[in-house]
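Observations on chain architecture
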Amino acid sequence: MAQTSSTPNATPGPRKLDLKAALKEAGFAAFVTLGLCIPIIAWGTRQNMDNVLVLDPRWDAVAWAVGIVFVGRFLMALRQQGKADRKSLVRFLPHGTFAFFQRNSRVFSLFGLGFLVTFPIIAINLAGWGGALKWIDNFGVQILIYVMLGWGLNIVVGLAGLLDLGYVAFYAVGAYSYALLAKNFGLSFWILLPMSGILAAFWGMLLGFPVLRLRGDYLAIVTLAFGEIIRLILINWVEFSNGYAGISGIPRPSFFGIPFNASDEGFAAVFGLEFSPLYRTIFLYYLILALALLTAFVSLRLRRLPVGRAWEALREDEIACRSLGINTTNTKLTAFSIGAMFGGFAGAFFSARQGFISPESFVFMESAIILAIVVLGGMGSLWGCAIAAIVMIGGTELLRELDWLKAIFGNDFDPTKYRMLIFGFAMVVIMIWKPRGLISTREPTTFLKEKKTISADMVQEGHG
Amino acid sequence: MATVPLHDRPLLQVEHLTMRFGGLTAVNDLSFEARKGDITALIGPNGAGKTTVFNCITGFYKPTEGMMTLTQDSGSSYLLERMPDFRISWKAKVARTFQNIRLFGGMTVLENLLVAQHNPLMIASGFTFLGVLGIGGYRSREKEAIEKAKFWLEKINLIDRADDPAADLPYGDQRRLEIARAMCTDPVLLCLDEPAAGLNPRESHDLNTLLLSIRKDIGTALLLIEHDMSVVMEISDHVVVLDYGTKISDGTPAEVKADPRVIAAYLGVDDEEVAAVEAEVGLA
């Protein structure tokens, strides 16, 4: 191997592949898979008529899994032998793609913004009035909610380096604030939206105070617990939140006072249009787009302000911050509360859009997904978060569109059931391919002569 | 105390400072002064408690006993043992560097110097509220902050590397950048923890020049911990020697150099003399 690399002009030719080593590696991987599959896959459980648990052996599935791992590992080992001198294991994008995108990020931002603004029109033109609803609601609105949540959490995790596993708590606070205040006091959406944000920020501070002394793993555990506490309160305090049953009939947002319904005062009638449920969806789409852009605008602004620099400095070295006169307590609290505020906005929007909320919507899995969006996107990067949200949320929504797979795998096949499997697989691939997230480099907030991006291995991830 | 006129008061007066960690007394009844415009050196063998004294002065530790008074030119004085660390930097104007360099490695050299000006910039940005809305004079104030950073970058000869991440700089440059960052907080007293550690003779010489110019041009008093005797003897006006947490000598470099107790602490003495010297020092 050393000889071939020392003579670059000589063509490598058919390099001698070490089949035995590859087989050994593949055999080992298959063996590990077998060990893992026996308890997990080998027996399916079901209840029979008498409520007795019956075990169905599924050795064929185990054989499939082991076989796939064996062949995959074998091919990968061969590929690695052939490309030992190449750094990257998987390269399906040409070298420098991300650098190119980053250099032209302004152009792409404008392009992306243009696409987002015209998306409903494109959807209506392509899918028609009937089909567009699904695209705008399931894809547009759903993805944008997660983009916004990702950007909000990015302030806490990406900039300030405080690992927060309970972000969904603030989402829940925002959602329940809107739902309860709108239902019980009949306040309008436009008053309650900022109020939900403020209430969530207040809870962010409440969480912030006890956890200020904690760092790293301990901080993560306490925030995780906080998220669960909020959910358990919502479940158990039935008089307040109606428990598991949730809150239904939440007032929907109106178009500055004009409701979206089929009545004479409705949006369609006032503007002389034919009634369609699509108008409300389009309105919601633009609403969440505006909220997401507000989040992006504020976090970009904050990064260039002293508070944003203090967040990033805190992520780099807390002790040095204290020696420079930065009040680390206040700095952490602002990060928590501003992050929570955007979570609250998103929550208020969520409950206004759904019309029904229950604690089921605010489980730990949601926190994990939002955190995964931030981590996969690259901590601190708005573009990275947006791409990760599109891939993860859009990807899982796309699974619903894959009904044609039933023709191949039989009628029992439900692609949405594989959501978590694909999710986990995507995480593993990204972490091998780009361990610090899709966009891991850091943009300096100011510069004297030339703006140079800072490579990820210099940037600290924060210790909480 | 009241009889001492204001302008004669020392900049920093440490009285009966004691710091205990459980059963270990790291600093024992230490009293010394750092005068305005002086370079005061704190020396002593390894483990003598020098860094502990620094951590007490800059608020990273709360001393077990003792009083530390910092008197500014304006006449306002601060009791450092009662203040949290960030207020010591912001209000009492005491800045420090660290034995193992603590720069913000993932931020550029310029950003490092801007973070050091956090508090004035924070006020200029209306505690973020006005800054987010783009109201107020934050932009012009930030330009001034950048000018100040440029001044220091020129002084430490790093202006060409202003846009590089701090972690990318060579060791000697990182040391000087840390000093410049501390100076960006406009301190009246700069505490340097082994600024010459790991520097080669030429870098060490440059450092002396920088420190002397800080004292002369800016008027900041310096308090430094140093093992490099060439730095200590060459630039300091006043040396305090610590051994096992206790002050064993205090005076000009020449006086300290000739002090038998200092020689004993650094070089050791014959076994017969140990008891005599320890009795004299008060350790026995």
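Residues numbered from 1 in each chain as written. Chains lettered and ligands numbered in written order. Predicted model: local features only at pLDDT ≥ 70, side-chain atom pairs only at ≥ 80, totals over all residues.

1. Regarding the overall build of chain B
- When helices and strands are counted, chain B shows twelve helices and ten strands.
- Once the C-alpha set of chain B is aligned to its principal axes, its extents read approximately 75 × 45 × 35 Å.
- Among the 284 residues that make up chain B, the fraction classed as buried is 45%.
- Expressed as a percentage of contacts within chain B between residues at least 6 apart in sequence, the contacts between residues at least 24 apart total 65%. (Helix = DSSP H or I, 4+ residues; strand = E, 2+ residues; numbered from the N terminus. Buried ≥ 20, exposed ≤ 12 C-beta atoms within 10 Å, placed from the backbone. Contact = placed C-beta atoms within 7 Å.)

2. Points about the overall build of chain A
- When helices and strands are tallied, chain A shows 18 helices and four strands.
- Taken over 464 residues, chain A has a buried fraction of 38%.
- The long-range fraction of contacts in chain A, counting pairs at least 24 apart against all pairs at least 6 apart in sequence, stands at 73%.

3. Concerning the sheet that holds strand β5 (residues 77-79) of chain B
Residues and elements named next belong to chain B.
- Strand order in this open sheet of four strands is β2-β1-β4-β5, and the pairing throughout is antiparallel. With one partner strand each, in any of the chains shown, β2 (24-34) and β5 form the two edges of the open sheet. Each adjacent strand pair in this sheet contributes to an overall mean axis angle of 20°, direction not counted.
- By the bridge criterion, five bridges tie strand β1 (residues 12-21) to strand β4 (residues 65-71) in an arrangement that is antiparallel. Counted as the bridge partner of Gln13 is Thr69 from β4. (Pairing = 2+ DSSP bridges. Axes fitted to C-alpha atoms, helices over the stretch in contact; angles between N-to-C directions.)

4. A short note on the environment of Ala296 of chain A
All names here are of chain A.
- By the element assignment, Ala296 lies in helix α11 (residues 278-304).
- Taking the C-alpha atoms as reference points, Ala296 and Glu228, 68 residues apart in sequence, are found 28 Å from one another.
- In this structure Ala296 touches Trp151 and Leu382, once residues within four positions along its chain are discounted.

5. Points about the sheet that holds strand β10 (residues 246-251) of chain B
All names here are of chain B.
- With mixed pairing, the six strands of this open sheet are ordered in space as β6-β7-β8-β3-β9-β10. Of all the strands in the sheet, the pair left with one neighbour each is β6 (94-96) and β10. The average angle at which neighbouring strand axes cross in this sheet is 15°, direction not considered.
- Pairing between strand β3 (residues 39-43) and strand β8 (residues 221-225): four bridges, direction parallel. Following the sheet pairing, Thr40 is matched in β8 by Leu223.

6. Comments concerning the packing of α11 of chain A against helix α14 (residues 328-354) of chain A
Residues and elements named next belong to chain A.
- Packing of α11 against α14 brings their axes to within 11 Å, and their N-to-C directions diverge by 175°. With respect to α14, the axis of α11 lies roughly antiparallel. Of α14, the residues touching α11 (which contributes Leu284, Leu287, Ile288, Leu291 and Thr295) are Phe342, Phe345, Phe349 and Arg353.
- Here the residues of the contact of α11 with α14 are counted per class, giving seven nonpolar, one polar and one charged. (Parallel < 35°, antiparallel > 145°, perpendicular 65-115°, else oblique. Nonpolar A, V, L, I, M, F, W, Y, C, P; charged D, E, K, R; others polar.)

7. Here we look at the interface of chain A and chain B
- Listed as interface residues are 34 residues of chain A and, on the opposing side, 32 residues of chain B.
- Among the secondary structure elements, those contributing two or more residues to the side of chain A that touches chain B are α11, α12 (306-316) and α13 (318-323) of chain A.
- At seven residues, the largest contribution of residues to the side of chain A that touches chain B is made by α12 of chain A.

8. Quick word on the environment of Cys56 of chain B
All names here are of chain B.
- Turning to its location among the elements, Cys56 is positioned in helix α1 (residues 50-57).
- Using a count of 25 C-beta atoms within 10 Å as the deciding quantity, one classes Cys56 as buried.
- The spacing of Cys56 and Glu81 is 25 residues in sequence and 7.3 Å in space, taken between C-alpha atoms.
- Excluding its chain neighbours within four sequence positions, the residues that come into contact with Cys56 are Leu17, Met19, Tyr61 and Pro63.

9. Focus on the pairing of β3 of chain B
Residue and element names in this part refer to chain B.
- Burial of β3 is extensive: five of the five residues sit out of reach of the surface.
- A two-sided burial pattern is seen for β3, the buried positions comprising Ile39, Ala41 and Ile43 on one face and Thr40 and Leu42 on the other.
- As defined by bridge partners, β3 adjoins strand β9 (residues 238-243) across four bridges and the pair is classed as parallel. Counted as the bridge partner of Leu42 is Val240 from β9.

10. Some points on the nonpolar core
- The biggest cluster of nonpolar side chains holds 182 residues, and the ones touching the most others in it are Ile145, Val147, Met148, Ala172, Ile288 and Ala389 of chain A together with Leu189 of chain B.
- The element that contributes the greatest number of residues to this core is helix α5 (residues 105-159) of chain A, accounting for 18 residues.
- Excluding residues within four positions of it along the chain, Ile145 of chain A makes contact with Ile288, Ala346, Phe349 and Phe350 of chain A.
- By size, the runner-up hydrophobic cluster in this structure holds five residues, among which are Ala30, Val66, Phe70 and Ala77 of chain A. (Core = buried A, V, L, I, M, F, W, Y, C linked by C-beta atoms within 7 Å.)

11. Things to note about the confidence of the model for chain A
- Of the residues in chain A, 92% reach a pLDDT of 70 or more, and the chain-wide mean stands at 84.
- Counted against residues more than four places away or in other chains, residues 1-13 of chain A, with its pLDDT under 50, gives four contacts. (pLDDT = per-residue confidence, 0-100.)

12. Topic: the domain arrangement of chain B
Residue and element names in this part refer to chain B.
- For chain B, the domain assignment lists domain 1 (1-93 + 186-284) and domain 2 (104-185).
- For domain 1 and domain 2, the distance between their C-alpha centres works out to 28 Å.
- Each partner contributes to the interface: domain 1 provides twelve residues, whereas domain 2 provides ten residues.
- For the side of domain 1 that touches domain 2, the secondary-structure elements that each account for two or more residues are α2 (85-90), β7 (189-193) and α8 (201-218). (Domains from an automatic or database assignment.)

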